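Inside the fold
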Amino acid sequence: MVVASVALVGVVVALAYAWLCVAFRERLALAHKIPGPYVYPVIGNLYLLWHAVRGFDWVFQEAWRRSEHYPRRVAKIMALHRVAVAVWSPEDVEVILSSAQCNEKAKEYRFFQPWLGDGLLISKGDHWRSHRKLIAPTFHVHVLKQFVHLFHRNSEMLCRRLEAVTARTIDIHDYVAEATVDMLLETAMGVRRDTQKNTFEYAMAVVKMCAVLHRRALSPWLWWDFLFGLSGEGRKQRRLLDTIHDQTREVLRVRRAERASGLRDALYKRALAEDADALRADAAARNPEETGISYGQSAGLRDDLDDEYGLKKRVLFLDQMLDAADDDNALTEKEVEEEVTTIMFEGHDTTAAASSFFLCLMGVHRDVQQRCVAELREIFGDSDRPPSFQDTLEMKYLERCIMETLRLFPPVPLIARHVSKNVRLASGYVVPESTTVVIPPFLLHRDPDMFPNAEQFDPDNFLPERCGDRHYYAFIPFSAGPRSCVGRKYAMLKLKILLSTILRKLEVHADVPEKDFKLVGDIILKRKEGFPCRFVPRKRPSRTGMAG
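Everything in this summary refers to the structure shown in the same document. (Residues numbered from 1 in each chain as written. Predicted model: local features only at pLDDT ≥ 70, side-chain atom pairs only at ≥ 80, totals over all residues. Heavy atoms only, no water.)

Let's shift gears to the overall build of the protein. Broken down by element type, the protein carries 24 helices and 12 strands. For the protein, buried positions account for 57% of its 548 residues. Long-range pairs, those at least 24 residues apart, make up 79% of the contacts in the protein between residues at least 6 apart in sequence. Of the roughly 23,900 Å² of accessible surface on the protein, a fraction of 56% belongs to carbon and sulfur atoms. (Helix = DSSP H or I, 4+ residues; strand = E, 2+ residues; numbered from the N terminus. Buried < 20%, exposed > 50% of the residue type's maximum accessible area, 1.4 Å probe, protein only. Contact = heavy atoms within 4.5 Å. Areas by Shrake-Rupley, 256 points an atom, 1.4 Å probe, with all protein chains shown as cover.)

Next up, the structure:
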């Protein structure tokens, strides 16, 4: 009886597999022409996922090692009729990110749905286009200029916390994660940080939520919603989402109450009531385009964040969302909450990771740190004055260090798109329709043809003369094309203010060189061991020494 049952199951599986091979023969034929690891019948490459039991850091390192086997920088994996293709040459990446056939996020992003709903990160079609058009102006540089003093105020508060743990080894990510949430609240959301409780708890919930999603993505038995909901990971996700969504609702509650009481001015305007000169100075500062500032992408790339908008569209993100819901009926309450939840996630976790990697690198490369400090002293002299937007345009070496950090350790290590029609790559391969295309910026940024010293930390990789002949899509820490990160310029300005403030006040020390980082390719790139650093108050140069 048992033998007969097993035989029957085997026959059913064989027939189902045969039917899939016939029904999707064109897709599978194109996929088999693309190089990749050995494909077994039925299970395809699912056997590779069993290695996840050895730890996510091992999985990341193994994928990195295997990439060396594919000199054309294209590889595929398969299971049944499903195909995923990874591309990491700039030419192929340009084809994917600029193609109308690849504008949708991959189906696997559905795992974000309970968290982000149909927010900007995962929405598609007309819904995505209308929301992108509504949100993009709120992150234009003309709006961001006026956030400088709030970024600086929160950076000063972070420095005071670091001064309280002088010379102790700490995980700097825990500190900057809370600080970047506070900055987001006071700028894009327009609410005071002291009106919100447990921002650290929220930041840690986001970190843990990313880990849950990552474990689910690498565990085929958790891909089914029913089984996931019954699992321990599903129960953990529900607890974390309670914390995350409570924070979103509290932000909305506070800002709505302020607006109802007549307090419609954004927080940055209220905070500058006593210093109108600073606001005027930042508003009048030169546009970055006049100074060669690229804001986190190759100088030749443009997106809707580079468009010009009238004064009426220069509104804070959250106020724009509430205006669209209250005055124009362009958004529902659910859509407002989903977009706020999305920006709350995207607007802090990526910059927390980037600043943590940057500080660890500065702690190891003390010569580079000293060059950054020397540049800051040229800008600020021996004063403690706060930075202006104009000052950030002069932080050329600091910007190169940030860009090099983003090259080696891009906060989002994987970008995935859904291909709606067959797409021919520049390398000659044809990606079949209904394929998931994975773009790993981590590998793309380490292309020795684009960066001869690809594994070394070298800020001079971003000198203008080195960037001139480099492919535009060789460096995409914020993605590129129509679906580039809407907060790209916001993130770069925040990083400049935060990191320059820390370096002006504190020396950074770290002992682990970047070659020994144990990287985890989570939703956001992290280190398995955390980000251990020590901070010591920086000594001011003596006037005698400066004169000599």
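Here 3 strands make up an open sheet; going across it, the order is E4-E12-E9 and the pairing antiparallel. Looking at which strands have only one partner, the edges of the open sheet turn out to be strand E4 (170-171) and strand E9 (506-509). Pairing analysis gives 4 bridges linking E9 to strand E12 (residues 532-537), with the strands arranged antiparallel. Residue pairing for E12: valine 508 is matched across the bridge by phenylalanine 535. (Pairing = 2+ DSSP bridges.)

Moving on: unusual backbone geometry. Of note, the phi angle at arginine 73 is positive, near 60°, even though the residue is not glycine. Here arginine 73 is to be found in the loop between helix H3 (56-67) and strand E1 (74-79). For serine 434, which is not glycine, the phi torsion reads 65° and is therefore positive. Here serine 434 shows up in the loop between strand E7 (430-431) and strand E8 (435-439).

Before going further, it helps to examine the sheet that holds strand E3 (residues 104-105). Read from one edge to the other, the open sheet built from 5 strands follows the order E1-E2-E8-E5-E3, with strand pairing classed as mixed. On the outer flanks of this sheet lie E1 and E3, each paired with one strand and no other. With 2 bridges joining them, E3 and strand E5 (residues 415-419) adopt antiparallel strand pairing. Bridging from a neighbouring strand, lysine 105 pairs with arginine 417 of E5. Along the sheet face, helix H4 (residues 90-97) touches E1, strand E2 (82-87), E5 and E8 and points at about 130° away from the line of E8. (Axes fitted to C-alpha atoms, helices over the stretch in contact; angles between N-to-C directions.)

Before going further, it helps to examine a nonpolar patch on the surface. Judged by side-chain polarity, Trp224, Phe226, Leu227 and Leu230 come together as a nonpolar surface patch covering roughly 500 Å² of accessible area. Note on placement: phenylalanine 226 falls in helix H11 (residues 225-230). With a relative accessible area of 63%, phenylalanine 226 lands in the exposed category. (Patch = residues over 30% accessible without salt bridge, like charges linked within 9 Å, V, L, I, M, F, W, Y side chains within 5 Å. Salt bridge = Lys/Arg side-chain N within 4 Å of Asp/Glu carboxyl O.)

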